[in-house]
Amino acid sequence: MQVVRTIADCRTATGAFRSAGETIGLVPTMGFLHAGHMELVATAKSKADRVAVTIFVNPTQFGEASDLDSYPRDEERDLEMLRAAGVDLVLIPDVSDVYPDGDETIVETTRMANILHGEVRPGHFRGVTTVVARLFNFVQPDVACFGEKDYQQLQIIKRMTRDLAFPIEIIGVPIVRENDGLAMSSRNVRLNAEDRQAALVLSRSLDAAEALKNKSVDSLRDTIANTIHAEPRATLRGLDIVQAESLADLAGPLTTPAAIMLSAEFGGVLLLDQRVITP
Ligand code: PAF
């Protein structure tokens, strides 16, 4: 596994892959890797001849400098995990390479970045698209993998890739779940045994919504909200039902796939879940 820290070295490595006729799959990360990232790596491996991973804690997607400073980092452990997973190339660029002095270019999906989670995190998705566009240019992959867990991010990156005509296939990788259906998250370890059990209500509420015969936005919303309210340890925090690709508002009977984005708190731990439901 090659570990490179400059764009020039990255281009040399990817150039050699391409000269050998090999395709490249990219997994952009901010490091501190967990099982979800490794699933992205496994998917990239199945879709391309070579896998490149970037580790870059992107300052432009953080609202508060303190969040950026306290973001966990463990490069040595990350590299061990990537080596064990058979990754070919890791790019760990410097902030000054990604954002050179005097930098003034941004990339933004003007509507999608400013709705839903974007409303409460102004500038966050602009930071994500700006860095992902640059990482795409550094690595020039054939495919790039992102988790469906960050559903809005995935749809925004798909839209940016289409709008800017990047010749890159964006692959959404489904949420990794525990055997009992709980979406994997580094926060799960903070749940006590009762809250861990109660948290299964998230996937159960999505199952109930999916099983409805005549689906409408109201019936989906009521089914999910009622299922979650019936669990005394759960506090529903967010329930968005939007058009699955554009993230536009939906109303009435379901006629197109809908993305349901759900968040609830269990003993002070906020958990997320998500599912795309077809009519
Ligand atoms: O999902 C993430 O970890 C980040 O938002 C990404 C896509 C690596 C961009 O910094």
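Conventions adopted
- Residues numbered from 1 in each chain as written.
- Predicted model: local features only at pLDDT ≥ 70, side-chain atom pairs only at ≥ 80, totals over all residues.
- Heavy atoms only, no water.
- Salt bridge = Lys/Arg side-chain N within 4 Å of Asp/Glu carboxyl O.
- Buried < 20%, exposed > 50% of the residue type's maximum accessible area, 1.4 Å probe, protein only.
- Helix = DSSP H or I, 4+ residues; strand = E, 2+ residues; numbered from the N terminus.
- Near = heavy atom within 4 Å.
- Polar contact = N/O pair within 3.5 Å; in protein donor to acceptor, adjacent residues only side chain to side chain.
- Areas by Shrake-Rupley, 256 points an atom, 1.4 Å probe, with all protein chains shown as cover.
- Nonpolar A, V, L, I, M, F, W, Y, C, P; charged D, E, K, R; others polar.
- Pairing = 2+ DSSP bridges.
- Right-handed = clockwise from strand over helix to strand, strands pointing away.
- Axes fitted to C-alpha atoms, helices over the stretch in contact; angles between N-to-C directions.
- Contact = heavy atoms within 4.5 Å.

With respect to the pattern of salt bridges
Thought 1: Inspection of every chain in the model, using the stated rule, returns 13 salt bridges.
Thought 2: Here Asp78 and Arg77 are joined by a salt bridge, their closest N and O atoms 4.0 Å apart.
Thought 3: Among the residues examined, Asp78 registers a relative accessible area of 2% and is labelled buried.
Thought 4: On the accessibility criterion, Arg77 (33% relative accessible area) is partly exposed.
Thought 5: Between Asp195 and Arg233 there is a salt bridge, and its shortest N-O distance comes to 2.8 Å. Here Arg233 lies in the loop between helix H11 (217-229) and strand S7 (234-243) and Asp195 lies in helix H9 (residues 193-198), a separation of 38 residues in the sequence.
Thought 6: Overall, Asp195 belongs to the buried group, its relative accessible area being 6%.

Description of the site of the ligand
Thought 1: Taken together, Pro28, Thr29, Met30, Asn58, Gln61, Val128, Val131, Phe146 and Gln153 form the complete shell of residues around the ligand.
Thought 2: Taking Gln61, its side chain carries an N or O atom lying 2.6 Å from an oxygen atom of the ligand.
Thought 3: Interatomic distance of 2.8 Å between a side-chain N/O atom of Gln153 and an oxygen atom of the ligand.
Thought 4: For the ligand, the accessible surface in isolation is 290 Å², of which the surrounding protein chains cover 88%.
Thought 5: Contributions of two or more residues to the shell around the ligand are made by strand S2 (24-29) and helix H7 (124-139).
Thought 6: Taken together, the residues of the shell around the ligand sort by class into five nonpolar, four polar and no charged.

Description of the pairing of S2
Consecutive residues of a regular strand have side chains that alternate between opposite faces of the sheet.
Thought 1: In terms of residue burial, S2 counts as a mostly covered element, since six of its six residues are buried.
Thought 2: When S2 meets strand S3 (residues 50-55), the two strands line up parallel, connected through six bridges. Its bridge partner lying in S3, Pro28 is registered against Thr54.
Thought 3: Of the crossover connections in this fold, the one passing from S2 over helix H2 (residues 35-47) to the parallel S3 is right-handed.
Thought 4: Two elements, S2 and strand S5 (residues 143-147), share two bridges in a ladder whose sense is parallel. Residue pairing across strands places Gly25 opposite Val143, the latter belonging to S5.

Quick word on the sheet that holds S5
Thought 1: Spatially, the six strands line up as an open sheet ordered S1-S4-S3-S2-S5-S6, and their pairing is parallel. Either end of the sheet is taken by a strand with one partner, and the two such strands are strand S1 (2-4) and strand S6 (169-173). Pairs of neighbouring strands in the sheet enclose a mean axial angle of 25°, with direction left out of account.
Thought 2: Looking at chain direction, S5 and S6 are connected through five bridges and run parallel. Bridge pairing links Ala144 to Ile170 in S6.
Thought 3: Packing against the sheet, H7 makes contact with S2, S3, strand S4 (89-91), S5 and S6, and its axis sits at approximately 145° to S2.
Thought 4: Strand contacts of helix H8 (residues 151-163): S5 and S6, with the helix running at about 170° to S6, the strand carrying the most contacts.

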